[in-house]
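Close look at the chain arrangement
Here's the letter readout for the chains.
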Amino acid sequence: MLNFSREKYLKVTGGAIGLREEIERVVDKVYEKGFKNLFLIGSGGAVATFYPFEYMVNSTSTIPAYAEIAAEFVLQNHKQLSEESLVILSSLSGTTEETVAAAKYCKERGATTIGLTGEYNKPLADTVDFPLVNFAENDFASDSNQLVLFHLIFRLMHKNGDFPEYEKFAAQLELLPEKLIEAKEKFEPKAEAFAIVYKDEPYHMVVGSGTTWGRAYSYAMCVLEEMQWIKTKSIHAAEFFHGTLELVEEDTSMILLKGEDETRPLMNRVEQFAEQYTKKLTVLDTKDYALEGISLEFRKYLSPIVTSTLLQRLSVHLEDKRNHSLEIRRYYRTVAY
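Conventions used here
Residues numbered from 1 in each chain as written. Predicted model: local features only at pLDDT ≥ 70, side-chain atom pairs only at ≥ 80, totals over all residues. Heavy atoms only, no water. Buried < 20%, exposed > 50% of the residue type's maximum accessible area, 1.4 Å probe, protein only. Helix = DSSP H or I, 4+ residues; strand = E, 2+ residues; numbered from the N terminus. Pairing = 2+ DSSP bridges. Right-handed = clockwise from strand over helix to strand, strands pointing away. Expected span 1.5 Å × (residues − 1). Phe/Tyr/Trp six-rings, centres within 6.5 Å; stacked < 30°, edge-to-face > 60°. Lys NZ or Arg CZ within 6 Å of the ring centre and 35° of its normal. Contact = heavy atoms within 4.5 Å.

What follows concerns the pairing of strand E4 (residues 112-117). For E4, a buried count of six out of six residues is recorded, marking the element as mostly surrounded by other parts of the structure. Neither face of E4 is open: one carries Thr112, Ile114 and Leu116, the other Thr113, Gly115 and Thr117, and all of them are buried. The pairing of strand E3 (residues 85-91) with E4 spans six bridges and is classified as parallel. Along E4, the bridge assignment pairs serine 91 with threonine 117. Since E3 and E4 lie parallel, the crossover through helix H5 (residues 97-108) that links them has a hand, and here it is right-handed. Examined bridge by bridge, E4 and strand E5 (residues 130-133) share four bridges and lie parallel to one another. Bridged to leucine 116 within E5 is leucine 132.

And the structure:
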């Protein structure tokens, strides 16, 4: 595969899975202390990674869950936040200004805080009660964070009596990195073909729902816009027919991210519409990937990580065919703003 290190990928994802015992110790401690609700707080791609887990908690558990954008959260005066809240924050660098500020804000209000980050001795790790650290870089950070969150969130739901299958689920997560590499390999020709056809495309619509909505949001904003400077709109499938459909023409590029949760009919409806009105339709469907060894009952939860691992291959090929590095920025962390 183009610009892919199997060794590096397995090291990063293996590191995330290797945190299982530490994660379970942290969960047991916070559950023993007690909490009445759960906040998932981040900025940009980090909060986008939280969106599917908010969906999973709210559709699986009785724990009230709120995914919040860090900068807005500290100004909102959220009435559900209290000393009885459990807050999970995420920043790969550990230095994201808004997320660190949110961590301090939550600590000041007595909430219990857990931080997902890539390094110790950085502001986020130094601020939270329980830092969970696994080194990763931008290319595989999403998969790393999701593997940590699968253990963390599903252990919390298990302790709450909502997910009795946790031990089986966690055991199967150990198989997932190899299965994700197999998915990448199967998708590789399609990723390259997409980049060849769409390398000069000026505008994309990226549509998701349920557990893939966060991936649609982050891929549009954090990759196509931030890393490739391509105008893109992320659209929730449930809202597509309340406005955005009017912009679809036969040369409109639409990228549909289909998962396997309860909202799949919403994506089917958008797909049926797109097939009639555009000649530029791309569908990434997690059902197309076998994930041997993963139980059918768990596949709906894994849709976001399968989607993100496929999108990583699109990014690599777009970078190559457009001759536009994924690392270059004009403004982000480059100028004062």
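Before going further, it helps to examine helix H7 (residues 141-159). Taking 1.5 Å as the rise per residue, H7 with 19 residues should run 27 Å; its terminal C-alpha atoms sit 27 Å apart, in good agreement. In terms of burial, H7 is largely enclosed, as 17 of its 19 residues are buried. Where H7 terminates, the next one or two residues include glycine 161, which has phi positive at roughly 85°.

Counting across every chain of the model gives 25 aromatic pairs. Ring pairing ties together the aromatic residues Phe53, Phe150, Phe154, Phe163, Phe169, Phe298 and Tyr301, which thus form one cluster. Lying over the aromatic face of tyrosine 105, arginine 109 brings its terminal NZ or CZ to 3.6 Å of the ring centre.

Time to look at the environment of glutamate 250. Among the secondary structure elements, glutamate 250 is positioned in the loop between strand E7 (231-236) and strand E8 (253-258). Between the C-alpha atom of glutamate 250 and that of lysine 280, which follows or precedes it by 30 residues, the distance is 7.1 Å. Glutamate 250 has contacts with Tyr277, Thr278, Lys279 and Lys280, leaving out every residue within four places of it along the chain.

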